[in-house]
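# Inside the fold
So you can see what is in the structure, the chains are spelled out below.
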Amino acid sequence: LKVLDIYEYKNKDIRELSALAYDGDILYVLSDYGQLHHFKLDIKNKKIKLSLVNTFKLRNKKNKPLKKKESDSEGLVYKDKKLYISFERKHRIDAFTLDGKKIKKLKLNEELLDKDKYKSKNKGLEALAYSEKYGFITAPEAPFIDNGTHILYTVDNSFKIKKNGYITALEFMSKNKLIVLERDFNNLTRRQFITISLVNLKKCNFGKCKKQVLKEFDSYKDKNVDNFEGLTKLDNNLFLMVSDDNANFLQKTLFVLFEVD
């Protein structure tokens, strides 16, 4: 994995970015506030250029803004001119129009329906990805309270992978190969670790999958390491990820362009 560019986005009105999706023209960006931003993305000479096009509030079927406890939007997929969003607190996946109006609720794997299994309300469905072969795939940010292993869920299947941190994003690189973004943070030392791994779902045995670590970032050793939560594929082996600044002046909103060999 090779980092090509790091771009700091500075706008005090756009904070806590948690997910990305790209349709080849518009970059869709979610925030924890239940806001959906449209950006124009230009990549020239492997450099990021962003310009804000529009911002919308996520809304219910009656076109009313989502209530605070229902608006903790975390994972994002663009598919067939719709946006699919996974949520924490009220753990679910919903389909929305491109300007943020809810269309319908999606069916979840039965294991994800028991709210008492989650480590906390804030450790819900942080990540979401899609492929034609597997459909939607998601994962709780932290393993369930009775399990020390991450489990990735489709509607009818599940895949176990080793835990390197909390899962913050998933994105398919190809039909079977899935990129997993994890974050680990020490509250005492403020040290942060970011792990980007590759999982080949086709090579899993009895639901257990090997994970190949592509890159590890350590805030004590690497510059520009922050709370990375969003990830999207731009082209073939080209990806973009974004950090959530937690509305904290000590943190940054960073867009990172990288390619996977």
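The structure we're discussing is the one just above.
Below is a summary of the structure that appears in this document. (Residues numbered from 1 in each chain as written. Predicted model: local features only at pLDDT ≥ 70, side-chain atom pairs only at ≥ 80, totals over all residues. Heavy atoms only, no water.)

## Focus: the packing of aromatic side chains
The test is simple: Here a pair means two rings of Phe, Tyr or Trp (six-membered ring of Trp) with centres within 6.5 Å. Their orientation is stacked below 30 degrees between planes, edge-to-face above 60, and tilted elsewhere. The helix and strand labels rest on DSSP assignments: H or I over at least four residues marks a helix, E over at least two residues marks a strand, and numbering proceeds from the N terminus. Relative accessibility thresholds used throughout: buried, under 20% of the residue-type maximum; exposed, over 50%; partly exposed, between the two (1.4 Å probe, protein chains only). Definition used: whenever NZ (Lys) or CZ (Arg) falls within 6 Å of the ring centre and also within 35 degrees of the ring normal, the charge is taken to sit over that ring.
For the structure on display, the rule yields 12 aromatic pairs. On the basis of an interplanar angle of 5° and a centroid distance of 5.8 Å, the ring pair of tyrosine 28 and tyrosine 78 is categorised as stacked. Of this pair, tyrosine 28 sits in strand β3 (residues 26-31) while tyrosine 78 sits in strand β6 (residues 73-79), placing them 50 residues apart in sequence. Relative accessible area serves as the criterion here: at 2%, tyrosine 28 is assigned to the buried category. Residue classification places tyrosine 78 among the partly exposed positions, given a relative accessible area of 26%. Geometrically, the ring pair formed by phenylalanine 239 and phenylalanine 258 is stacked, given 5.6 Å between the ring centres and 15° between the ring planes. Taken together, the residues span a long stretch of sequence, with phenylalanine 239 in strand β19 (residues 238-243) and phenylalanine 258 in strand β20 (residues 254-259) at a distance of 19 residues. Residue phenylalanine 258 is classed as buried on the basis of its relative accessible area, which comes to 1%. By the ring-pair criterion, three or more aromatic residues cluster together here, those being Tyr9, Phe39 and Phe255. The cationic tip of arginine 92 hangs over the ring face of phenylalanine 87; the distance from NZ or CZ to the ring centre is 3.8 Å. Here the basic side chain of lysine 163 rests over the ring of tyrosine 166, its NZ or CZ set 5.3 Å away from the ring centre.

## Focus: the state of the cysteines
Should the sulfur atoms of two cysteines be covalently bonded, the bond is a disulfide. Put simply, the test is: Cysteine sulfurs are considered disulfide-paired once they come within 2.5 Å of each other.
Applying the stated criterion to the full structure yields one disulfide. Disulfide pairing places cysteine 204 opposite cysteine 209 at an S-S distance of 2.1 Å. Its S-S torsion of about 110° marks the bond between cysteine 204 and cysteine 209 as right-handed, since a negative value means left-handed. For the residue pair cysteine 204 and cysteine 209, the accessibility class agrees, reading buried in each case.

## Quick word on the environment of threonine 154
Filter applied, for reference: Any pair of residues with heavy atoms lying within 4.5 Å of one another is described as a contacting pair.
Counting through the fold element by element, threonine 154 comes out in the loop between β12 (150-153) and β13 (158-161). In contact with threonine 154, not counting residues within four places along its chain, are Asn109, Tyr134, Phe136, Ile137 and Phe159.

## Concerning empty space enclosed by the protein
In this approach the atoms are scanned with a rolling probe the size of a water molecule, which exposes any empty space left behind. Stated precisely, the cut-off is as follows: Here a cavity is any set of points on a 1 Å grid over the protein atoms alone where a 1.4 Å probe fits but cannot get out, and a pocket is any open set with protein on both sides within 12 Å along at least 5 of 7 lines; a residue lines the site when it has an atom within 4 Å of a point. Grid points are joined across faces, edges and corners, and a volume is the space filled by probe spheres set on the points. Following the grouping adopted for this structure description, the nonpolar residues are Ala, Val, Leu, Ile, Met, Phe, Trp, Tyr, Cys and Pro, the charged ones are Asp, Glu, Lys and Arg, and the polar ones are all others, Gly among them.
The tally for this structure, following the rule as stated, stands at two cavities of 30 Å³ or more. Of the volumes computed, that of the largest cavity is approximately 60 Å³. As for the largest cavity, its lining consists of 15 residues, of which Ala19, Gly75, Leu76, Leu128 and Ala169 are closest to the centre. Residue assignment for the lining of the largest cavity shows that the elements contributing at least two residues are β2 (17-22), β6, β10 (125-131), β14 (166-172) and β18 (228-235). Residue composition of the lining of the largest cavity, grouped by class: eight nonpolar, four polar and three charged. The computed volume of the second largest cavity comes to approximately 50 Å³. When residues of the lining of the second largest cavity are assigned to their parent elements, the largest contribution, three residues, is made by β12. Residue classes in the lining of the second largest cavity are distributed as six nonpolar, three polar and no charged.

## Concerning the layout of surface pockets
Taken as a whole, the largest pocket spans an internal volume of roughly 850 Å³. If you go around the largest pocket, you meet 34 residues; those closest to its centre are Arg183, Asn227, Glu229, Asp244 and Asn246. Of the residues forming the lining of the largest pocket, the biggest block, three residues, is contributed by strand β15 (residues 177-185). Of the residues assigned to the lining of the largest pocket, the class counts are six nonpolar, 10 polar and 18 charged. Here the second largest pocket defines a volume of roughly 340 Å³. Tyr78, Tyr130, Glu171, Phe172 and Lys233 are, among the 21 residues lining the second largest pocket, the residues nearest its centre. Contributing elements (two or more residues each) for the lining of the second largest pocket: β2, β6, β10, β14 and β18. Residue composition of the lining of the second largest pocket, grouped by class: 13 nonpolar, three polar and five charged.

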